[in-house]
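Working through the structure, step by step
Read off the chains here:
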Amino acid sequence: ASSALGAILAVLASLIIAANALVAIALLCLIQKSGSKGLYFVLNLAVADAMVGFTVLGLVMDEFSQPFYPPQIFCVLRMAFVTSSSAASILSLILVACDRHLAIRKPFHYFQLVTGLRVGVRLVGLWLVAAIIGFLPVLTPGFQKTSTGKKCSFFGVFHPTYMLTVFCVGFFPALFLFIYLYCDMLKIASVHVQHIREMEHAGLAGDCPPSRTTSDMKAMRTVAVLIGCFTLSWLPFFIASIVQTVCSECFSYKVIENYLWLLGLCNSLLNPLLYSYWQKDMRLQLSQLAAGVKRRVL
């Protein structure tokens, strides 16, 4: 069973790293062409998801090295890196949603508001918050559990109080923020559609180009897909973990760590695939990269 889990983690980690590395290369090319600062948030999402894959590779080594009972500080640091990279991925999703929300709410002031300095400050703040979330048990030993001589795992090294704090302070506020942003985007888009219809009835439809509404719908579609996959991937893990911290006999730790956590990790693989599928510019850039590689190989 340990070897099977290790094989699944190895394949998943490899796919996560490969997919996000390819998307990151395509995004760098798009940034050079368009100069759009908002793409840096998507690039940061790809980097964070790739880091999730790299941290999982460390757990793969543990699975194939059974029996392997590392010291407690080793497990705490390893799981801190896993938690930090996962937190950075979730926070990057929030920044992407906020960026699309700002583009819809204030389209005429978007490029003045989203400057290189502001983007850099937000990204630095994002990684600082992610590091604090992940390494809080290292800084606060009270959030650590006494080592039981088992392999590294969330529930093996982190105290239930820390797990409950992260879930209630981190995950659910992020989910509520996603829902609020999307509902507000729907409201703004409906106002735009109503305004266009009013102008059509007045015979002024030619003065209001439909590209604006089309771009709004594309942004809403992208955000909706990312939010939906985020919820489906992580919600079962977080709910089961909260129940586990309250009632230790309600769930098996192995079910949460071997299955529900794997489902959450799949979100780091779905993000680059879905963004590449739903964004036309990304599809064109990936096809150009593939054509360039094909020409060089042949």
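Under an unreviewed UniProt entry, the protein has the name Glucose-dependent insulinotropic receptor and belongs to Eudyptula minor. Recorded in UniProt under Sequence similarities (unreviewed entry), the annotation for the protein is "Belongs to the G-protein coupled receptor 1 family." What UniProt states about the protein under its Subcellular location (unreviewed entry) heading is, verbatim, "Cell membrane".

Some thoughts on the environment of Lys 151
Mapped onto the elements, Lys 151 comes out in the loop between helix 5 (116-139) and helix 6 (154-157). Lys 151 sits in the partly exposed class, given a relative accessible area of 28%.

Points about the packing of helix 9 (residues 253-278) against helix 10 (residues 280-297)
Interhelical geometry of helix 9 versus helix 10 gives an angle of 100 degrees and a closest axis separation of 5 Å. Compared by their axis directions, helix 9 and helix 10 come out roughly perpendicular. In this structure, helix 9 uses Tyr 275, Ser 276, Tyr 277 and Trp 278 to contact helix 10, whose residues at the interface are Lys 280, Met 282, Arg 283 and Leu 286. Broken down by class, the residue content of the contact of helix 9 with helix 10 amounts to 5 nonpolar, 1 polar and 2 charged.

Things to note about the packing of aromatic side chains
What the rule picks out here adds up to 8 aromatic pairs. With 5.3 Å between their ring centres and 80 degrees between their planes, Tyr 110 and Phe 111 make a pair best called edge-to-face. The exposure class assigned to Tyr 110 is buried, which follows from its relative accessible area of 5%. Relative accessible area serves as the criterion here: at 62%, Phe 111 is assigned to the exposed category. Considering the side-chain rings of Trp 234 and Phe 238, the 5.6 Å spacing of their centres and the 40 degrees angle between planes classify their relative orientation as tilted. Here Phe 238 and Trp 234 lie together in helix 8 (residues 211-246), a separation of 4 residues that amounts to about one turn. Under the relative-accessibility criterion, Trp 234 is labelled buried at 6%. Residue classification places Phe 238 among the buried residues on the basis of a relative accessible area of 6%. Taken together, Phe 143, Phe 158 and Tyr 162 form an aromatic cluster joined through their ring pairs.

Calculation criteria
- Residues numbered from 1 in each chain as written.
- Predicted model: local features only at pLDDT ≥ 70, side-chain atom pairs only at ≥ 80, totals over all residues.
- Heavy atoms only, no water.
- UniProt positions renumbered as here; feature names shortened; annotations may be inferred.
- Helix = DSSP H or I, 4+ residues; strand = E, 2+ residues; numbered from the N terminus.
- Buried < 20%, exposed > 50% of the residue type's maximum accessible area, 1.4 Å probe, protein only.
- Axes fitted to C-alpha atoms, helices over the stretch in contact; angles between N-to-C directions.
- Parallel < 35°, antiparallel > 145°, perpendicular 65-115°, else oblique.
- Contact = heavy atoms within 4.5 Å.
- Nonpolar A, V, L, I, M, F, W, Y, C, P; charged D, E, K, R; others polar.
- Phe/Tyr/Trp six-rings, centres within 6.5 Å; stacked < 30°, edge-to-face > 60°.

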